[in-house]
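What follows is the residue order along each chain.
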Amino acid sequence: MADDIKEMTAELARDPDSLIFIRLGEALRVRGQVDAAGKVALSGLERHPGSAEAHDLYARILVDVGNLERARTVWEKALEIEPRHKGTHKGLGFLHYGRGELDLALDHLELALSADPMDQSVVQALRIVRAAAEEMPEAVAEDPFAAADMFAGLEGGSDGLLLVDGRGRVLAGGVRDTQGAAVADEMAAYLTGISQEAERTSRILELGEWEWMVAEAAGGNVHLTRPTDGTVLLLLRDASVPPGRLSLLAEKANDVARTWLEAQKS
Amino acid sequence: MTDRFRAILDSITRVRGVQGAALVAREDGVVVADALVEGVRGNAVAALTASLVKRLGDVTGTAGIGEPEFLHLQSRGGVVLAVPATQEIIVVAVADADVNVGLLRLEMLRAAGTVA
């Protein structure tokens, strides 16, 4: 257990009414310990039912485990308590964007920005959603790394997420090696071959269509999915992210990528 | 097949939902030993898995995270799992889509340790 988590756990044990549970829950969530984070958040909510911050924390944990509908309900409760809560508007903005509900996404992201005009992740997200809403996908696609911002709401952000087409070209996202060098183009070239090989393997072994693939290595894990026919999405995370958690993140990234790809077509 | 290889593969095929397991030569993708149910083509399993491991090795190498230690291909109708045991041998399993991957992974890693 990391020292900060130990300290926060001890503080909460000393004073169960302490609001430290919000920081503790978030720290656990970021480390991928979503079950523990959920327990901390729920226990905190029992003691502080009027805390918008606590509702926001719990909603983000629900998103992490894929319970988007419940997350939306919890965020709506947070807004009843604090109508201008930035984290809540931000969360709802990303949630609606992931569902392709662009107008609702814009409403919430604009409210989030009004609460904190300096939040760059909101600024970038608004840019993406506005471009999609105004049917100007080229505004997003000019620079592959700018397009990576579509993943900004996901844990870990756009770094280590790469969307490529069936001909080995980067569509969006970016990936760097452990030395910090950009390796997206090289990676994209490999991914197309891997996708074809996975398809061949599944077909010849009569396993049906391939859905996803994971490669675990000492320094990190790679997850590959197919948001649409002919595209491949790579998610690269360090080895501290366990495989089950990696799959959850990949599912969310896959939804975002699929929405983004659909927006490019319209 | 030697008793040693048979014992290694048996430990994997005992997991419920496993259709078969094989030891595959990493370099040329040929079967070293297998225990596959009828209908699962050992040669194809070996060649395709060796190729996938190699290609994924290119990706993990480019990312700077080292060689793949475990590979999981999930398809609608089944899974292919692979553990490179040594520079020469890959342990491979083909299983139903809903197999207990955690358990199978453990058995395969254990088997890989035995091969090494």
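For the structure itself, look to the data block above.
Scope of this entry: the structure provided in the associated data block. (Residues numbered from 1 in each chain as written. Chains lettered and ligands numbered in written order. Predicted model: local features only at pLDDT ≥ 70, side-chain atom pairs only at ≥ 80, totals over all residues.)

Bringing the interface of chain B and chain A into the picture now. Opposite the 29 residues of chain B that make contact, chain A presents 34 residues. Sorting the residues of the side of chain B that touches chain A by element identifies α2 (42-63), β3 (68-75) and β4 (78-84) of chain B as the ones contributing at least two each. At 12 residues, α2 of chain B tops the list of elements feeding residues into the side of chain B that touches chain A. For the side of chain B that touches chain A, the residue count by class is 14 nonpolar, 10 polar and 5 charged. As paired elements, strand β3 (residues 210-217) of chain A and β3 of chain B share 7 bridges and run antiparallel to each other. Bridging across to β3 of chain B, A217 of chain A finds its partner in P68 of chain B. (Contact = placed C-beta atoms within 7 Å. Helix = DSSP H or I, 4+ residues; strand = E, 2+ residues; numbered from the N terminus. Nonpolar A, V, L, I, M, F, W, Y, C, P; charged D, E, K, R; others polar. Pairing = 2+ DSSP bridges.)

Attention shifts here to the pairing of strand β1 (residues 161-164) of chain A. All names here are of chain A. Every second residue of β1 is oriented toward a common face, with L161 and L163 on one face and L162 and V164 on the other, all of them buried. The pairing of β1 with strand β2 (residues 170-174) spans 4 bridges and is classified as antiparallel. Bridge assignment links L161 to a residue of β2, and that residue is G174. Here β1 folds back onto β2 in antiparallel fashion, the turn holding 5 residues, of which G168 has a positive phi close to 75 degrees. Sheet topology places β1 next to strand β5 (residues 232-238); 4 bridges connect them, and they run antiparallel. Pairing of L161 across the sheet is with L235, part of β5. (Buried ≥ 20, exposed ≤ 12 C-beta atoms within 10 Å, placed from the backbone.)

Another aspect to go through is the packing of helix α7 (residues 102-115) of chain A against helix α8 (residues 120-133) of chain A. Residue and element names in this part refer to chain A. Where α7 meets α8, the axes come as close as 10 Å, and the angle between the chain directions of the two elements is 155 degrees. Accordingly, the angle class assigned to the pair α7 and α8 is roughly antiparallel. Read as a crossing pair, α7 and α8 show a hand that is left-handed. Taking contact as the criterion, the partners of L102, A105, L106, L109, E110, A112 and L113 in α7 are, on α8, V122, V123, A125, L126, V129, R130, A132 and A133. (Axes fitted to C-alpha atoms, helices over the stretch in contact; angles between N-to-C directions. Parallel < 35°, antiparallel > 145°, perpendicular 65-115°, else oblique. Left-handed = near helix turned anticlockwise from the far one by under 90°.)

Pairing is antiparallel across the open sheet formed by 10 strands, whose spatial order is β2(A)-β1(A)-β5(A)-β4(A)-β3(A)-β3(B)-β4(B)-β5(B)-β1(B)-β2(B). Looking along the sheet, the strands with just one partner apiece sit at the ends: β2 of chain A together with β2 (31-36) of chain B. Neighbouring strand axes in the sheet, compared pairwise and without regard to direction, differ in orientation by 10 degrees on average. With 6 bridges joining them, strand β4 (residues 220-225) of chain A and β5 of chain A adopt antiparallel strand pairing.

Turning our attention to the environment of V164 of chain A. Considering the arrangement of structural elements, one finds V164 of chain A in strand β1. Residues V164 of chain A and T192 of chain A, 28 residues apart in the sequence, show an inter-C-alpha distance of 7.8 Å.

A separate point is the nonpolar core. In terms of nonpolar packing, the biggest core is built from 119 residues, with L162, M187 and L234 of chain A together with V91, V92 and A93 of chain B touching the most fellow members. For this core, the leading source of residues is α2 of chain B, giving 10 residues. Among all residues touching L234 of chain A, those that are not within four sequence positions of it are L162, V175, M187, L191, V222 and L224 of chain A. (Core = buried A, V, L, I, M, F, W, Y, C linked by C-beta atoms within 7 Å.)

For a regular strand, side chains alternate in direction, first toward one face of the sheet and then toward the other. Counting buried residues in β3 of chain A gives 6 out of 8 residues, a clear majority hidden from the surface. Hairpin connection from β3 of chain A to β4 of chain A: 2 residues lie between these consecutive antiparallel strands.

Since there are 3.6 residues in each turn of an α-helix, residues three or four apart along the chain are aligned in direction. All names here are of chain A. Relative to the 20 Å expected for 14 residues at 1.5 Å per residue, α7 spans 20 Å between its end C-alpha atoms, a close match to the ideal helical length. Buried residues of α7: A105, H108, L109, L111 and A112, and no others. With its buried residues spanning 155 degrees around the axis, α7 presents them on a single face. Turned more than 90 degrees off the buried face of α7, the exposed positions are D103 and S114. Here the buried face of α7 lies against α6 (86-98) and α8. (Expected span 1.5 Å × (residues − 1). Arc of directions from axis to C-beta.)

Residue and element names in this part refer to chain A. Three or more residues of helix α2 (residues 20-30) are buried, namely F21, I22, L24, G25, L28 and R29. Burial along α2 is one-sided: seen end-on, the buried residues are contained in an arc of 165 degrees. Where α2 is buried, its residues meet α1 (3-14), α3 (34-47) and α4 (52-64). Just past α2, the residue G32 takes up positive phi, approximately 85 degrees.

Take it as geometry only, folks, not as evidence of what the structure does.
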